[in-house]
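The primary structure of each chain is shown beneath.
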Amino acid sequence: MAKTRVLVVEDSLTVRKRMLEVLTADPDLEVVGEAGDGKRGIELCQSLRPDVVTLDMILPVMSGLAATEFIMAYCPTPILIVSASTNRGELFKTYEALAAGALDVLDKPLGDEPDGVWEQKFVSAVKLISRLKVITHPRARLGPMGRRPLSWVPPAAVEPVWPESRLRAVAIGVSTGGPAALIEIFRGLPHGFSLPILLVIHIGKMFAPAFAEWLDGQSPVRVSYACDGDPLPVAGECRVLVAAPDRHLVLRQGKLRLTQDPERHSCRPAVDVLFTSLAQELGPDCAACLLTGMGKDGAEGLLAIRRAGGRTIAQDESTSVVFGMPREAILLGAAEQILPLEKIAPALGALARGAETGRRA
């Protein structure tokens, strides 16, 4: 069986040597190149065509973000970000790299981890990322830095027909490939979209603190972290409320609650926890959308919402970075609609209009 070919891009010689030692010690991995700056990393990626690239964010000559955008536009390769960046500006660059097509992010070793723990996480992440299929990322076609202006108008799409309803909220669950998918959906929502959105995204606790603020800057709708005890926003007020890092988000007796209950599917926050609480609390008066991601978190919760009479959508395989979570939901019969990413925002818009009609009636 062929070994997984790895390119390591890291400017710190000490950290790079440790990464190389860990990778070369695994019989299934082969380090085919190493680089100390982003420009050299791009050159080696083009010439060596590795199976996976580990990439730091803060690099000389060309940043990790710029390298990610170039690689995903011209020689698409699975990228694992390995970073120690935790201040606001550097976290924003990490989110930008994930939106540009990088698949996951792992913290650098701090030196105080138990023996072998970080090494095992690193090797496992490299192997997992290397098996994911990537394509030329659409940000390559979106102009400067791949960002659509907030006034961008999405192309016309055939919208599903939804009956009148009394929907009070939409929930979204997403993992790998999430940042880009969320931007696509939020920028595609029709003007005046009138339902609050509750969001769970899987992202490492170390890298999560500024995500809601970053997403708020990318989206025409307001985005913030949910606060424990806040009431569910009323229908007619569009806000996106994100589960806080390392906290489950649930709805209980009309209020949002953040809990430290045990992890589910090795995740906290977990999509299943949010979806299940909405099924119990709102029944047919909620809708949920399960997007790209590894594993099966959210599948059972989406089924609970459908059984309770709520509306359910799963992203299709062709537009998912990882067709894991949506696939599991579809296999369970949890998805009422299976839609490509570009049709999800119009579908949510149709749901909101049905809810407005239902409220007026």
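Structure: see above.
Model, not experiment: these values are computed from the prediction. (Residues numbered from 1 in each chain as written. Predicted model: local features only at pLDDT ≥ 70, side-chain atom pairs only at ≥ 80, totals over all residues. Heavy atoms only, no water.)

Asker: Any chance you could explain unusual backbone geometry here in plain terms?
Answerer: When glycine is set aside, most residues are seen to have a negative phi, and most peptide bonds are trans. Across the junction of Arg268 and Pro269, the peptide omega takes the value 10 degrees, indicating a cis bond. By the element assignment, Pro269 lies in the loop between strand 11 (255-259) and helix 8 (271-282). Here the phi dihedral of Val61 falls at roughly 70 degrees; this positive angle occurs in a residue that is not glycine. Within the secondary structure, Val61 sits in the loop between strand 3 (52-55) and helix 3 (64-74). You can call Val61 exposed: its relative accessible area is 67%. (Helix = DSSP H or I, 4+ residues; strand = E, 2+ residues; numbered from the N terminus. Buried < 20%, exposed > 50% of the residue type's maximum accessible area, 1.4 Å probe, protein only.)

Asker: Help me understand the pattern of salt bridges in this model?
Answerer: Once their charged atoms are close, side chains differing in charge can pair, the charge on each being opposite to the other. Within the structure shown, the criterion is met by 19 salt bridges. Here Glu10 ties to Lys108 by a salt bridge, and the two come within 2.9 Å at their closest N and O atoms. In this pair, Glu10 sits in the loop between strand 1 (4-9) and helix 1 (13-24) while Lys108 sits in the loop between strand 5 (104-107) and helix 5 (117-130), placing the two residues 98 residues apart along the sequence. Looking at Glu10, the relative accessible area reads 1%, which means it is buried. Under the relative-accessibility criterion, Lys108 is labelled buried at 11%. Salt-bridge contacts for Arg88 lead to Glu213; the nearest nitrogen and oxygen are separated by 2.7 Å. Here Arg88 is found in helix 4 (residues 88-99), whereas its partner Glu213 is found in helix 7 (residues 211-218), with 125 residues between them in sequence. Beyond isolated ion pairs, a larger network of salt bridges with shared partners links Lys205, Asp246, Arg247 and Arg268. (Salt bridge = Lys/Arg side-chain N within 4 Å of Asp/Glu carboxyl O.)

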